[in-house]
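For reference, the chains in residue letters:
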Amino acid sequence: MYLNLYVPDLQYESGVVGFLRGHRGHAIASSALMAPITRQFVSEIERFAEREGADLITFAKGQRKDDVAHDYLAGFDAEEGVLFVGKAQEKTTTFRTEKRRNALTGASYPWIVRATAMVNHYYIYCVDRDFGPFFIKFSSYFPYNAKLCINGNEWSKRQAANAGIAFEALDNGFACCEDPRGLQRICDRLSAAKIDALARKWFKILPHPFTGRDRQAGYRYDISILQAEFSLTQVLDRPLTGRVFFEDMIRENLDLGRPDHVSLIFNKRVNRRTPSRFRTRVITEGVTPSLHVDYKHSRIKQYHKQNRALRTETTINDTRDFGVGKRLHNLPALRQIGFQANRRLLDVQRVSADCHVGQQAFDQVCQPVVINHQRAAALRFGDPRVQALLSVLVVFRLLPTGFSNRDLRTHLAPLLGLDPSTMTAGRMTYDLRRLRLHQIIQRIPRTNRYQVTPFGLQIAMFFSRTYSRLLRAGLAEICDPIPTNTPLRRGFDRLEATIVDQIHQLNLAA
């Protein structure tokens, strides 16, 4: 997680004026008053590094800070402490003073305005006995906003070790452990309260830009979520064939609707006015492919981890993409969104990798049914409307909150070459009723929204793929008046010739 540490009252101009004049008691509010605070804060950071025996380094342009941290961590054997302090110039939001003039008197006066500037940022890399390695990055200029970066996997490793659960680590994951359920309970205990306690603990240890009097007056850091990653690592029992399996999964799932529809896994409607790109990408780094699904500022990434596991990660870069606030107390809601996205993607992939429909299931869909004295017409395999309905359901399966009558009409009409306004709600109700009685969908209790059932997803994927990939494509090959030299056409021609020859032999025998 990457968290924003900020003093809420110092993020806007009037709050800064209130701090300088109302709290600190200065006659005027000017950015010149911020310079002494900055000098004192920077001096305290430098003295702190010297006191802790920590190196104070300047990061080179383009240098990977994590690589530097790994080098220091390799030689660190204490349970808790400071690794090093790094310095780098970065752009940040700050405040400056503009000279303005009174229109009536002509007198000039200072005015605080927001601005951006390149200033030094101090990265303080530490190790916590509960959370393991982390860093806090302080801006050296007012209002001294900071960033906190933590790794929940490191926290869970330490808690598992403290609980006596033996495990094998897998680079930011677990390869195996003796008590998976106990480990999962540990992972579920990582909460906003524990993260907040970590920040407060180290605020007392590290240099602080604001005095005790400032903090007593309410100028205290709050925490919001800049980036949160929710991951699931599934270790494969046959690692040698895992790469082939994953590449097959990519190939089989690129056509779950168009790429912009696949982004509906993030539980948000996509239309032409949505200000973003929605896409599915396959990116190869070296020889390792990864699947990426983008939605606004967030994404799902899936890849074959260290040739041993399938890794699925949902990274949320802006909580408001999902109508959730940024404050840290919203972490439970984000957890639900992130892990739901992971599970729904895997659910779709599982069905696509092992999709089977028997005769009983086929008849359940393609024959009329009577449920509680309610009769529903058959969903005929070759009916274009049925095929369009099933294609849409594959998309709707990715929606955690289900879909409505209107959603169905909006997505179904283009597949039938119609304008959505020409399709009545009554006809959609008829289709929904057929799908519900055939157990393809189910109504969400106390709502007018529906969800695709697991059986419905199997039927939708099998029927739509068989129809589009096998039936139509195969018939096009064998019925083309111009012979094509394809394996299917050659095989069918041989079969047809054999049948004709056998009929001819039977006629001669008669």
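First things first, this report covers the structure right here in the doc.

1. Observations regarding a nonpolar patch on the surface
Right, on to step 1. On the surface, Phe492, Leu495, Ile499 and Ile503 cluster together into a nonpolar patch covering about 350 Å² of accessible area.
Right, on to step 2. Mapped onto the elements, Leu495 comes out in helix H16 (residues 487-509).

2. As for the pattern of salt bridges
Pairing between side chains becomes possible if they bear opposite charge and their charged atoms approach one another.
Right, on to step 1. Per the stated rule, a full pass over the model turns up 21 salt bridges.
Right, on to step 2. In this structure, the salt-bridge partner of Glu168 is Arg308, at a minimum N-O distance of 3.1 Å. Here Glu168, found in strand E7 (residues 167-169), pairs with Arg308, found in the loop between strand E12 (298-305) and strand E13 (309-316); they are 140 residues apart in sequence, far enough to count as distant.
Right, on to step 3. Using a relative accessible area of 34% as the deciding quantity, one classes Glu168 as partly exposed.
Right, on to step 4. Its relative accessible area of 29% is what places Arg308 among the partly exposed residues.
Right, on to step 5. Between Arg311 and Glu229 there is a salt bridge whose closest N-O contact spans 3.9 Å. Here the residue Arg311 occupies a position in strand E13, and Glu229 occupies one in strand E9 (residues 222-235), the gap between them amounting to 82 residues.

3. Some remarks on the state of the cysteines
Right, on to step 1. If you walk through the whole model with that rule in mind, you get 0 disulfides.
Right, on to step 2. Note on Cys177: no disulfide assigned, nearest cysteine sulfur contributed by Cys176 at a separation of 7.3 Å.

4. What about helix H1 (residues 13-23)?
Right, on to step 1. Gly15, Val16, Phe19, Leu20 and His23 are the residues of H1 that are buried. Projected down its long axis, H1 shows its buried positions confined to an angular sector of 130 degrees, all on one face. Residues Ser14 and Gly22 are exposed on H1 and point more than 90 degrees away from its buried face.
Right, on to step 2. Considering only its buried residues, H1 is in contact with helix H2 (35-52), strand E3 (81-101), strand E4 (108-128) and helix H7 (212-216).
Right, on to step 3. Where H1 ends, the next residue or the one after it, Gly25, has phi of about 80 degrees, a positive value.

5. Describing the nonpolar core
Right, on to step 1. Of all hydrophobic cores here, the largest spans 63 residues; its most connected members are Met1, Ile136, Phe142 and Ile195.
Right, on to step 2. Apart from the residues lying within four places of it in its own chain, the contact partners of Phe142 are Leu10, Val16, Phe19, Met34, Thr38, Thr93, Thr94, Phe95 and Phe210.
Right, on to step 3. In terms of nonpolar packing, the next biggest core, distinct from the first, is built from 30 residues, Cys366, Val392, Leu393 and Val452 among them.

6. Concerning helix H5 (residues 180-188)
Right, on to step 1. Of all the residues in H5, the buried ones are Gly182, Leu183 and Ile186. Seen from one end, H5 has its buried residues packed into an arc of 100 degrees, which puts them on one side. Opposite the packed face of H5, turned more than 90 degrees from it, sit the exposed residues Pro180, Arg181 and Arg185.
Right, on to step 2. Close packing links the buried residues of H5 with helix H4 (152-162) and strand E8 (174-177).

Rules of the game
Residues numbered from 1 in each chain as written. Predicted model: local features only at pLDDT ≥ 70, side-chain atom pairs only at ≥ 80, totals over all residues. Heavy atoms only, no water. Patch = residues over 30% accessible without salt bridge, like charges linked within 9 Å, V, L, I, M, F, W, Y side chains within 5 Å. Areas by Shrake-Rupley, 256 points an atom, 1.4 Å probe, with all protein chains shown as cover. Salt bridge = Lys/Arg side-chain N within 4 Å of Asp/Glu carboxyl O. Helix = DSSP H or I, 4+ residues; strand = E, 2+ residues; numbered from the N terminus. Buried < 20%, exposed > 50% of the residue type's maximum accessible area, 1.4 Å probe, protein only. Disulfide = S-S within 2.5 Å. Arc of directions from axis to C-beta. Contact = heavy atoms within 4.5 Å. Core = buried A, V, L, I, M, F, W, Y, C linked by side-chain atoms within 4.5 Å.

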